[in-house]
Structure formats: C-alpha cells, structure tokens
Amino acid sequence: MEQQYSWVPPGLTASRIEEYMRQLPMRKVPRTGSEGEKYRERQLAFQIPKADISSKYCTYLEPSKQGSYEAFTTARNDYSLDVGHITEVCRNSCVCNGCEKPLPAGSLAACAPKLPSNLYHPPCFTCCVCQELLVDLTYCVFDGSLYCERHYAERFKPRCQLCEELIFSGSYIQALNSDWHLNHFRCWHCDTSLNGKRYVLTDNHPCCVNCYEDNFTSVCTHCYKKIRLDSRDVSYKDLHWHEDCFACYNCSISLMEKAFAVKNNKCFCGECYDKEFSSRCEMCSEVFLPGTRKIQYKSKQWHDSCFHCKVCKLKMDEEDLDEGRFCKAGICTDALVLKVGSKSFIIPNEKDIYCVKCFEDKIATKCTKCKNILTTGGVTFRNEPWHKECFVCAHCGNQLAGQKFASREDKPYCAKCFGELFAKRCASCSQPITGQGGTRFISFEGRHWHSACFICALCQKSMAGKGFITDGEDIICPECAKDKLMGPS
C-alpha cells in the first residue's frame, strides 16, 4: 500500500487508507507518479519553508537576531505546531470543526490535538488562509483556527518577498504590498539597492529611475529626446511629447488643454489645421465650419449657398438631394446631374455647375445641321457633330451613317451621287470612274478608261500594261495597227 502513495496517514489499515484517499480531491491524492504527488511536493515546500524550521537553512539571518529566531521557533513548536492524525469517529453527535456538518459514527476524521474541537472531515483539514490541505497533516493553531506553518509565522513576522525568509530585524522595507530585507528591495534590471531611492513599477517589478528611463520611457515625437521622469509625458495614440514640445507645428502655440489634430505625426491647433488640411468649398475656397451643410461630388465640395449655376446663378433652395444622369429623349449623356428638389444641376467636368437650361444653351453638344442637342449615337464629320438622321447626302438626301461616302466642298455625298456629279468618266463605257473597291483606271491625253475597258478597238484584247497606238478616237494594239497599215500578212 505504501508503494502506491508517496505519503499515507500513519496507523491505518490498507482499507482505511483507501477510504481516506477517496475523500480527498482526485488531483490532490498523493499517488506515486501522479499530479497529486507533485501537488504534495509543492505544498511541502510552500507550507513548511525550511528556513522557518531551522536556522541552518537561513541565509540572511543576522547573528544578532539568532536569539529572536530561536525564541520564536521554540514558542511555536511548544504551543502551536503539531501533526494531526486520522481517527475513527466513535459517536454520532460529532460535528466537523470546519464545515460544521455531522461526522457519522464509524467514519474517518482528521484530528488536531491542540484544538478543543478538533475533528474535521479529511478534505476540511485545511489552512484558514490559503485554503489548501494541510500537507502531511502538519498544522499550527492560533486563536482557535488551523494554519499552515507559513501563514502562522506570517501572523507574527514579516517575510521577505525576495528570499522568502522571515525578517527578525526591526528595520525592513514595505513596498508593493510586500515586505523586504533592507538590501533585498533591488532594481529588477540592474540589481541596485532601492533602499531610500525612487523607483518605478514595471510588470509588477521594481525598477530604478535610470533603468526605467533607459528602457521604458518614450521618445518625444517633436525633439526626438527621451521623456524622462522629471518631464510630463503627453501621449496621443502611439505618439509622445514633452509637455513643452506639445505645441502647434505651424504657430508654436501650446496645445495643452486645447483642441488639436495630428497629421503626419505633427500636431496642429484647430486654426492651423483648417488652413492646411481642412476641405474647402470649390467656389469660395473657405473652410467648412462644423455643422455646415455642404454638397459633395466625388472629391469636390461646395457650401449649399455656393452651389449655383455658373451662368445664370440659379441656386438650390430645397432640402432633398438626389443624383442621376443627364438624359434627353431617353438617352443618357456622361454629365452628372444633381437634382435638388425640383431643380436639376449638371456638372460636366467635375467642377463647373450649370442648370439644365444653361447647360443645353452653352455646353451641350449640338447637331451642326439642326442645332438641337446631340445625344449618343451621333456622327462626326470634319470635327463637327451630326445626328445620324441629319447626316445625309447633299444631293439625294439619303442617310450616310454606316455608308460609304465622299465629300466635295465640305459637303457629304453618297458614292453614287459623288460619281455622277464629280467622278471622271470612262471614254469607252461613259460610266463614272469612282475608285470603289480599289478600281484602277488609265488616263491618256485627257481621256480616261476603266482598266477593264482599255481594249483594242479591233481585236478587243486588253491593253492594260501594254503598248498601244491611237487611231483617231480609237486605241488599237500594235499588231492590229500593223495589219491595218500593211494589210494582212
């Protein structure tokens, strides 16, 4: 049985030991190799510090205080320190001194002989300070309560936070809700004694002023120097300033207790920030004051009073604002229209504002022929806009959009009319030579022929690209000319 546990209550049978262990929390049962065994080892070191038991384990006990130490430990051992035991409850009238619930006859109880009411349920046999099971049933009593040795000793003597030894000297340091030997309250970083010196708490550890300023203080955003403890650190988000450096970047006025704004890690007073960065009206260039009603289009903004037609100065005076596109006859242009109440304003170039009437009169593209507003689907001829239906042949009146055409004296003509009116005519077939489809033609002495029509008047063979001889109005090949002059061979 003893091999299964690292500690068992003495004087119990194997079955009683198992009964006792079943009453303890599972994670606190000191079974060999278990978490409970590790728990017991931690509690032995914590509840019964070796330096509290014997002066041979004390490193920092002053020789002059050896007598005080011995007197304290002797009185504790004689009147308070004891080891309890496990016993069987013999009568039904017993009550647990911890939870005040009944202890059934025949059950096991932990007994503390130094207390008058000394029986406890095994899991109730705990220190009244740390509420942990009293390790190996070792306890101290004071004022009718159970203590582990550590917390009993601390009722009478301060304990050094650093070395964990009791302090018997009359002089010691109280800091950070703990007690310290005079030489043990030291800087966590450089180990310099802080006795009688200023210190700063960092991550719950004391730090001397020098180490704090070297390792933890911020750098001033303005002068790039350390903000030491003798200076006030003014911070905004991740930025820090000396109090004297916390001033407007432009006018240098102090910003302490004043409204400010930060841009590119530089501070500005409200007035300077407005001058440098605040949005301004596109019309009057004045800053928008808080609460000012404004109209915005993309990156442009206007005061409501400045938002008016560039030509006639028509202003908006309604409350609701809708956005749409400028439309005419169901076809939309690329100019944005802002509808304010019953009035519409058009912004064709993201800046200038026109009412619809002025836009149509002054800005909108108009057909060269009919002078009406041109919407999408028009035709450009000689850099001038035309409606499709207005772009017609100057002779026959047929629409030219999507058709081949030619121009004469800045007037458009369909191919047929252009050929009839202005093209050269073939000396053979009398039809116009239009050049459509890459048609080639031949000219000679003011006369012109289609390439296909340029043939010998006698043998009808093509003479395109060949030598020829004129015979009055006719063109004949050299062979036919020879036969005509000399007769057939």
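Above this text is the structure in question.
Residues numbered from 1 in each chain as written. Predicted model: local features only at pLDDT ≥ 70, side-chain atom pairs only at ≥ 80, totals over all residues. Heavy atoms only, no water.

## Quick word on the packing of aromatic side chains
Within the structure shown, the criterion is met by 15 aromatic pairs. When the centroid spacing of 5.2 Å and the interplanar angle of 90° are considered together, the rings of Phe142 and Phe156 count as edge-to-face. On the criterion of sequence distance, the pair formed by Phe142 in strand β5 (residues 138-142) and Phe156 in the loop between α5 (149-153) and β7 (173-175) is long-range, its members being 14 residues apart. Judged by relative accessible area, which is 39%, Phe156 ranks as partly exposed. For the pair Tyr236 and Phe260, a centre-to-centre distance of 5.5 Å together with 80° between the ring planes defines the contact as edge-to-face. (Phe/Tyr/Trp six-rings, centres within 6.5 Å; stacked < 30°, edge-to-face > 60°. Helix = DSSP H or I, 4+ residues; strand = E, 2+ residues; numbered from the N terminus. Buried < 20%, exposed > 50% of the residue type's maximum accessible area, 1.4 Å probe, protein only.)

## Describing the side chain of Glu213
Mapped onto the fold, Glu213 is located in helix α6 (residues 209-215). In this structure the side chain of Glu213 is engaged in a polar contact, spanning 3.0 Å, whose partner is the side chain of Arg228. Engagement of the side chain of Glu213 in a polar contact is seen with the backbone nitrogen of Leu229, the distance being 3.0 Å. Not counting residues within four places of it along the chain, the set of residues in contact with Glu213 comprises Lys226, Arg228 and Leu229. (Polar contact = N/O pair within 3.5 Å; in protein donor to acceptor, adjacent residues only side chain to side chain. Contact = heavy atoms within 4.5 Å.)

## Overview of the sheet that holds β5
Pairing is antiparallel across the open sheet formed by three strands, whose spatial order is β1-β5-β6. Of all the strands in the sheet, just β1 (81-83) and β6 (145-147) have a single pairing partner and so form its edges. Taking each pair of neighbouring strands and ignoring which way they run, the sheet shows an average axis angle of 45°. As defined by bridge partners, β5 adjoins β6 across three bridges and the pair is classed as antiparallel. Considered in β6, the bridge of Cys140 is made with Tyr147. (Pairing = 2+ DSSP bridges. Axes fitted to C-alpha atoms, helices over the stretch in contact; angles between N-to-C directions.)

## Thoughts on the pairing of strand β9 (residues 199-202)
Residues Val200 and Thr202 line the buried face of β9, whereas the alternating positions Tyr199 and Leu201 sit on a face that is not buried. Summarising the sheet, β9 and strand β10 (residues 205-208) pair through four bridges and their orientation is antiparallel. In the sheet register, Thr202 faces β10, and the bridge partner there is His205.

## Brief notes about unusual backbone geometry
Positive phi, normally seen in glycine, also occurs at Glu100, with a value near 65°. Assignment of secondary structure puts Glu100 in the loop between β2 (85-88) and β3 (108-111). The class for Glu100 is exposed, based on a relative accessible area of 65%. Its identity is not glycine, yet Asp143 carries a phi of approximately 55°, on the positive side. Turning to its location among the elements, Asp143 is positioned in the loop between β5 and β6.

## Points about the side chain of Thr221
Within the fold, Thr221 resides in the loop between α6 and β11 (233-236). On the basis of relative accessible area, Thr221 is assigned to the buried category, the value being 18%. Not counting residues within four places of it along the chain, the set of residues in contact with Thr221 comprises Leu239, His240, Trp241 and Asn265.

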